[in-house]
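# Structure at a glance
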Amino acid sequence: MEIARAPRGQRRKDLNSTKSQGTGVGDATGPVEKLGQSAVSAATAEQIERAAHLLHAGALIAFPTETVYGLGADARNADAVRRIFAAKGRPAEHPVIVHLASADLMPRWARSIGAGAEALAQAFWPGPLTLILPRASTVLDVVTGGQDSVGLRVPGHPVAQTLLARLLDLGGDGIAAPSANRFGRISATNARHVADEFGDAVAMVLDGGSSRHGIESTIVDLSSGEPALLRPGAITIEALGRVLGSALRLPSSQSPRASGTLASHYAPQTAARLIASHELIHALSTLTKPVARIAVLARSVAKPLEFSGSWIDAPRESAAYAQELYANLRTLDTRGADEIWIETPPDGPDWVAVNDRLRRATHRSL
Ligand code: TXA
Ligand code: MG
């Protein structure tokens, strides 16, 4: 089968532009930096090559994508994929997404690819969209969580693309990768955050700067019946509906398991709650505990002059807000506060994914 790939020159050019993705550790570091115990490497062509060989040999590699960082293993190697679960502390029955170099590889992983899947792949790949399709019989159970479906995504980040292309050259046709965070915690959007999460459980962290979208991919289930949205993301439900020509179903109890759909997920360790804009100032002025015990993620509310606790002014626009969200929550989580107060963002189509993550970040199960 012919695999469509960007010519090498093009890929090299893309690589040079990764810094525009943000201000990750790679902006300041040399080829290899020890952070905690994980080796963080600037994503040069040589280091990506090394990462591809490590993956091929069964090691875990963390790598940048345009959504969040992934913790990757060769998707055809059951032992390697099992190591992902051990490193994350994630329950074994949760499926992981398989990342592909190109949509042309879909038939190796899915036994049927309908017109809807073709149309969505054509419209949004490479990009922040995961498609759940009926699995091919050769897909490992440890990848699908024993379900009859498989999640596929062609990521758009140039480092991820080059890594996938190099692995393909070595004979590997997919990287199984959940988000590079411990189970239930905030996803990592830069290399330093990955290193903070995993210590030496990861052979290598490829540093490609801060993730452009900052929240996980939109997930659409096309494995049975009508297409259904399993997880909102940067690609809106309206945009999906336009390509499919019909509206999507919203998740139901019949939907396949997805850990990102658990009520409490993506959560900081500090208790966090949402507070409407108009209530935030009032709540601050009637605080009963020392102000230093409260950390605030504001968006439109200005910091009161007398407030001396931790305060972050988040971007007002939804894409920029999402891009910084997890880094902001991580920062506030380290401030020793009793609670994180988050100003509730607006409603509206652009805010659906952010509001979904904030609901889960603020949900405490008993
Ligand atoms: O943006 C993303 O999707 C990132 C980057 C690294 O690609 N990955 C990510 O993976 O967020 P993870 O494992 O943290 O979340 C993927 C979600 C999980 O909730 C998982 O249960 C679901 O996708 N998923 C994967 N395969 C599935 C399948 N066959 N059926 C239903 N859900 C599936
Ligand atoms: Mg995750």
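Our subject in this report is the structure included herewith.

Rules used in this analysis
- Residues numbered from 1 in each chain as written.
- Chains lettered and ligands numbered in written order.
- Predicted model: local features only at pLDDT ≥ 70, side-chain atom pairs only at ≥ 80, totals over all residues.
- Heavy atoms only, no water.
- Buried < 20%, exposed > 50% of the residue type's maximum accessible area, 1.4 Å probe, protein only.
- Helix = DSSP H or I, 4+ residues; strand = E, 2+ residues; numbered from the N terminus.
- Arc of directions from axis to C-beta.
- Contact = heavy atoms within 4.5 Å.
- Salt bridge = Lys/Arg side-chain N within 4 Å of Asp/Glu carboxyl O.
- Pairing = 2+ DSSP bridges.
- Axes fitted to C-alpha atoms, helices over the stretch in contact; angles between N-to-C directions.
- Parallel < 35°, antiparallel > 145°, perpendicular 65-115°, else oblique.
- Left-handed = near helix turned anticlockwise from the far one by under 90°.
- Nonpolar A, V, L, I, M, F, W, Y, C, P; charged D, E, K, R; others polar.
- Phe/Tyr/Trp six-rings, centres within 6.5 Å; stacked < 30°, edge-to-face > 60°.
- Lys NZ or Arg CZ within 6 Å of the ring centre and 35° of its normal.
- Core = buried A, V, L, I, M, F, W, Y, C linked by side-chain atoms within 4.5 Å.

### Quick look at helix H5 (residues 115–124)
Within H5 the residues assigned to the buried category are Ala117, Leu120, Ala121 and Phe124. Burial along H5 is one-sided: seen end-on, the buried residues are contained in an arc of 100°. Seen from the buried face of H5, the exposed residues on the opposite side, beyond 90 degrees, are Ala115 and Gln122. In the core, the buried residues of H5 are packed alongside helix H4 (106–109), strand S6 (129–134), strand S10 (218–221) and helix H9 (237–244).

### With respect to the environment of Ile237
With respect to the helices, strands and loops of the structure, Ile237 is situated in helix H9. Judged by its relative accessible area of 27%, Ile237 falls in the partly exposed class. Expressed as a C-alpha distance, the spacing of Ile237 and Pro349, which sit 112 residues apart in the sequence, is 8.0 Å. Beyond its immediate stretch of four places on either side in the chain, Ile237 contacts Leu229, Leu248 and Leu250.

### Comments concerning the pattern of salt bridges
Under the criterion given, the structure shown has 14 salt bridges. A salt bridge links Arg273 to Glu339, with the shortest nitrogen-to-oxygen separation between them at 3.2 Å. Highlighted residues: Arg273 in strand S12 (residues 271–275) and Glu339 in strand S15 (residues 339–343), separated in sequence by 66 residues. By relative accessible area, Arg273 is classed as partly exposed at 40%. Several salt bridges converge on common partners, so that one network encompasses Glu216, Asp356, Arg357 and Arg360.

### A few points about the pairing of S15
With 4 of its 5 residues buried, S15 lies for the most part within the structure. The sheet contact formed by S12 and S15 spans 5 bridges and is parallel. The residue of S15 that forms the bridge with Arg273 is Trp341. In this sheet, S15 lies alongside strand S13 (residues 294–298) in parallel orientation, the contact comprising 4 bridges. What sits directly across from Val296, in S15, is Trp341.

### Structural notes on the packing of H5 against H9
Contact geometry of H5 with H9 gives a least axis separation of 9 Å together with a crossing angle of 125°. Relative to H9, the element H5 lies oblique. For the element pair H5 and H9, the recorded crossing hand is right-handed. Along its contact with H5, which presents Gly116, Ala119, Leu120, Ala123 and Phe124, the element H9 presents Ala239, Leu240, Val243 and Leu244. Here the contact of H5 with H9 is built from residues that sort into 8 nonpolar, 1 polar and no charged.

### Some words on the packing of aromatic side chains
Counted under the stated rule, the structure contains 2 aromatic pairs. A centroid spacing of 5.3 Å and a plane angle of 65° characterise the contact between Phe307 and Trp311, whose relative ring orientation is edge-to-face. Aromatic pair Tyr321 and Trp351: ring centres 5.3 Å apart, planes at 70°, arrangement edge-to-face. With Tyr321 in helix H11 (residues 318–333) and Trp351 in the loop between S15 and helix H12 (352–361), this pair connects stretches of sequence that are 30 residues apart. Here the two residues Tyr321 and Trp351 agree in accessibility, since each one is buried. For Arg76, the ring lying beneath its charged end belongs to Trp109, and the centroid distance is 3.7 Å.

### So, the pairing of S6
Of all 6 residues that make up S6, 6 are buried, and the element is covered over most of its length. Note that S6 and S10 share 4 bridges and pair parallel. Looking at the pairing, Leu129 lines up with Thr218 of S10. Pairing of S6 with strand S7 (residues 149–153), which is carried by 4 bridges, proceeds in the antiparallel orientation. Looking at the pairing, Pro134 lines up with Ser149 of S7.

### Describing the nonpolar core
What tends to happen in soluble globular proteins is that the nonpolar side chains get buried as a cluster. Of all hydrophobic cores here, the largest spans 68 residues; its most connected members are Leu129, Leu131, Val143, Leu152, Leu163, Leu206 and Leu240. Tallying contributions element by element places helix H7 (residues 158–169) first for this core, with 6 residues. Those residues within four positions of Val143 in sequence are excluded, and the remaining contacts are Ala75, Val81, Pro95, Val96, Val98, Val150 and Ala176. One finds Ile186, Tyr326, Leu332 and Trp351 within the second-largest nonpolar core, a separate group that totals 23 residues.

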